[in-house]
Amino acid sequence: MVKQIVREPGRTFGEFSLLTGLTPTDCTLPNISLATDLAGLKLQLPLLSAAMTSVTGYEMALALGKEGGLGVLPVRLPIKEQAAIVERIKSYEMGFVEDPVCIERDTTIDDAVRLVERHGHSKLPVTDRNNVFLGLFSFDRYLELDVPPSDPVGSVMLAPDEMVCCHDPALSVKQAKQLLGEGRYLVVLDKLERLVKLAFRKDVEKIPVAAAISTHKGWQARVEANLAAGVDMIVIDTSDAHSEFVGEVLNAYRAMKTSVPHARDVPICAGNVITADGAAYLMEQGADIVKVGMSSGSICTTQRQKATGRAPLTALIAADRARRAYHEQSGHYVPLVVDGGVGSAGDMIIALTLADAVMMGGYFNHFLEAAGEKLDENMRLTGHEPEMRRVATWGEGSARARNLDRYGHSTIKSFFTEGEEGTVEFHGRLKPRLKEDMRKVKTALGNVGCRMLAEFRERAVIELMSSRTRDVVGDTHSIHVGKG
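As the structure is a computational prediction, the values presented were derived from the model and not from experiment. (Residues numbered from 1 in each chain as written. Predicted model: local features only at pLDDT ≥ 70, side-chain atom pairs only at ≥ 80, totals over all residues. Heavy atoms only, no water.)

### Some details on the sheet that holds strand S18 (residues 390-394)
Rules: For two strands to be treated as a pair, DSSP must find no fewer than two bridges joining them. By definition, any uninterrupted DSSP run of H or I lasting at least four residues is a helix, any uninterrupted run of E lasting at least two residues is a strand, and each is numbered from the N terminus.
Strand order in the open sheet formed by three strands is S17-S18-S19, and the pairing between neighbours is antiparallel. Every interior strand has two partners, whereas the edge strands, strand S17 (374-375) and strand S19 (421-425), have only one. Relative to S18, S17 is paired through two bridges, and the arrangement is antiparallel. Across the sheet, Leu-375 pairs through a bridge with Arg-390, a residue of S18.

This is the structure:
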């Protein structure tokens with residue numbers, strides 16, 4: 001006889017709506033932070049790119065890391081290649097922005113904002129026709145001021161005396177780091193006050209990166225190579241982590257923390273699980289972070305192939321229930337990362353009412369920085385960005401990836417696919433879309449009256465919508481969208 005029948009249907013993020021709360025006057029976008037703490041690893045954005053070979057390589061890990069998120073390098077990469085990418089990212093040196101998008105003093109704020117949305121740069125230098133530096137348009141500063149978008153940027157720009165300026169075109173990167181100090185940006189000018197280049201604080205900070213491992217033979221060597229390279233997080237990446245195999249790795253890693261250099265300060269994330277019992281097991285075995293989700297990814301076919309999995313929000317609610325019980329018992333807080341079923345800013349917002357961070361594959365697969373091949377309109381390979389129309393994608397359980405370790409197959413003889421292979425629409429570069437979606441998430445926090453994600457998790461109220469409500473609230477209706 002079956003042990004239990006759960007009659008309550010599983011729920012996804014899109015079935016819920018966030019309710020508003022009182023917004024204080026100081027709860028404005030520039031004052032809202034999306035920083036998160038994953039067992040001591042502090043990220044400026046609560047985003048992880050999936051450990052998929054079609055998604056995360058050097059380019060994606062670097063681009064997301066520079067924006068404040070965390071790229072997770074797939075376990076399917078050879079150990080030397082994975083560790084080499086970690087080392088390359090950790091040794092990445094800041095560079096100057098030597099050809100920035102500039103605007104003039106009388107450019108309207110509306111036009112400047114459109115450039116911000118197009119390029120993803122929230123700071124635009126203001127110059128005259130001779131490239132003489134006049135100031136800096138800051139999108140965040142504009143949001144703080146009650147200024148109509150038809151006004152010129154000159155009315156809201158930061159003046160040169162409000163930032164660090166240097167009159168040395170030959171300034172080195174090392175010198176720039178010293179001059180930046182705690183400042184957010186550095187403007188380099190020539191003796192005629194003409195703009196030469198810019199440097200930003202975020203480019204000075206070390207870029208975080210994570211590496212995925214399996215529970216199969218050789219995982220210790222992979223961990224040691226990545227620790228030596230400077231990795232910031234180890235991620236046990238399995239389809240079903242509610243197993244003694246994962247428990248053994250967690251216990252062994254805990255022992256490594258006392259004997260392997262650098263291991264003590266590197267947290268280990270274990271997943272994936274979909275039940276309260278599974279999450280509790282990983283916490284009890286020493287997981288610093290728990291990853292939640294199975295069969296809800298856009299490319300995953302586990303549910304179809306073996307009727308195993310769970311709706312992502314329901315899985316997350318169960319894991320949070322286990323976390324609260326574990327915290328009450330031990331006094332130790334374990335961050336949760338939801339993996340799968342998050343494909344939009346709206347999904348992120350609902351997920352972050354419970355999770356400390358979200359991991360996404362399909363979302364990141366659309367961008368230039370994704371590891372998948374880029375294709376033109378005739379589905380031919382191209383390296384020329386204007387020609388790109390599609391991006392190749394494949395799940396780790398697909399015939400192309402054949403990630404046997406992740407799905408518990410000891411040999412190729414037992415392998416069956418649990419993922420698809422295909423293409424997704426090309427969305428250009430990561431930064432502009434990411435900036436836009438993060439503004440949406442910040443705005444949602446503001447609607448609840450929260451300036452930090454920890455507050456949001458404690459104060460957010462979400463409401464289940466009926467199918468009819470989703471049609472009315474979740475989309476336009478009774479209107480023909482478009483011109484004419």
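### Overview of a nonpolar patch on the surface
Basically, it comes down to this: Candidate patch residues must exceed 30% relative accessible area and have no salt bridge, after which like charges are joined if within 9 Å and Val, Leu, Ile, Met, Phe, Trp or Tyr side chains if within 5 Å. Areas reported as accessible are Shrake-Rupley estimates using a 1.4 Å probe. Residue values count occlusion only from the protein chains shown. Salt bridges are defined as contacts in which a side-chain nitrogen from Lys or Arg sits within 4 Å of a carboxyl oxygen from Asp or Glu.
Taken together, Met-1, Val-2 and Ile-5 make up a surface patch of nonpolar side chains, about 430 Å² in accessible area. For Met-1, the location among the structural elements is in the segment before strand S1 (16-18).

### Notes on the pattern of salt bridges
Two side chains carrying opposite charge are able to pair once their charged atoms lie near each other. Rules: Burial classes: relative accessible area under 20% of the type maximum marks a residue as buried, over 50% as exposed, and values in between as partly exposed (1.4 Å probe, protein chains only).
In this structure the tally under the stated criterion is 21 salt bridges. Linking Lys-90 and Asp-232 is a salt bridge whose minimum nitrogen-to-oxygen distance equals 2.8 Å. Note that Lys-90 is positioned in helix H2 (residues 79-90) and Asp-232 in the loop between helix H6 (219-229) and strand S12 (233-237), a separation of 142 residues in sequence. Classification of Lys-90 as buried rests on a relative accessible area of 14%. A salt bridge links Asp-356 to Arg-323, with the shortest nitrogen-to-oxygen separation between them at 2.6 Å. Of the two residues, Asp-356 is situated in the loop between helix H11 (345-351) and strand S16 (357-360) and Arg-323 in helix H10 (residues 312-330); the sequence distance between them amounts to 33 residues. On the basis of relative accessible area, Asp-356 is assigned to the buried category, the value being 1%. Each member of the salt-bridge network shares a partner with another, and the members are Asp-320, Arg-323, Arg-324, Asp-356 and Arg-457.

### Considerations on the nonpolar core
Our working definition: By nonpolar core we mean a set of buried residues, namely Ala, Val, Leu, Ile, Met, Phe, Trp, Tyr and Cys, connected to one another through side-chain atoms within 4.5 Å. Should any heavy atoms of two residues lie within 4.5 Å, those residues are considered in contact.
Grouped together as the largest cluster of nonpolar side chains are 113 residues, with contacts concentrated most on Leu-282 and Val-290. Sequence-distant contacts of Leu-282, that is, excluding residues within four places in its chain, are made with Ala-241, Val-246, Leu-250, Ala-270, Gly-271, Val-273, Ala-287 and Val-290. Judged by nonpolar contacts, the second largest core, of 16 residues, contains Ile-103, Ala-112, Leu-134 and Val-153.

### Examining unusual backbone geometry
Cis geometry is found at the peptide bond from Gly-271 to Asn-272, where omega equals 15°. One non-glycine residue, Ala-39, lies in positive phi territory at about 55°. In this fold, Ala-39 is placed in the loop between strand S2 (36-38) and strand S3 (41-43). Located in the positive-phi region is Asn-131, a residue other than glycine, with phi close to 70°. Checked against the element boundaries, Asn-131 lands in the loop between strand S6 (123-127) and strand S7 (133-138).

### Let's talk about the packing of H2 against H6
When two helices pack together, their arrangement is given by the angle between the helix axes and by the axis-to-axis distance. For clarity, the threshold we go by: Think of each axis as a best-fit line through the C-alpha atoms, taken over the contacting stretch in the case of a helix, with angles from 0 to 180 degrees between the N-to-C directions. Oblique is the label for every angle not falling under 35 degrees (roughly parallel), over 145 degrees (roughly antiparallel), or within 65 to 115 degrees (roughly perpendicular). Crossing handedness is read from the near helix: turned anticlockwise from the far helix by less than a right angle, it gives a left-handed crossing, and turned clockwise, a right-handed one. Ten residue types, Ala, Val, Leu, Ile, Met, Phe, Trp, Tyr, Cys and Pro, are classed as nonpolar, four, Asp, Glu, Lys and Arg, as charged, and the remainder, Gly among them, as polar.
Look at H2 against H6: their axes get within 8 Å of each other, and the N-to-C directions meet at 20°. As the angle between them shows, H2 and H6 are arranged roughly parallel. Every pair of crossing elements has a handedness; the one defined by H2 and H6 is right-handed. Residues Ile-79, Gln-82, Ala-83, Val-86, Glu-87 and Lys-90 of H2 form the contact with H6, whose participating residues are Ala-221, Arg-222, Ala-225, Asn-226 and Ala-229. A class-by-class count of the residues in the contact of H2 with H6 yields six nonpolar, two polar and three charged.

### Description of the state of the cysteines
For clarity, the cut-off: We call a pair of cysteine sulfur atoms a disulfide when they lie within 2.5 Å.
Inspection of the entire model under this criterion finds zero disulfides. The thiol sulfur of Cys-166 is not disulfide-bonded, and the nearest other cysteine sulfur, from Cys-165, lies at 8.9 Å. Not part of a disulfide, Cys-450 finds its nearest cysteine sulfur in Cys-27, a span of 6.8 Å. For Cys-450, a relative accessible area of 0% puts it in the buried group.

Everything listed is a geometric property; what it means functionally is a separate question.
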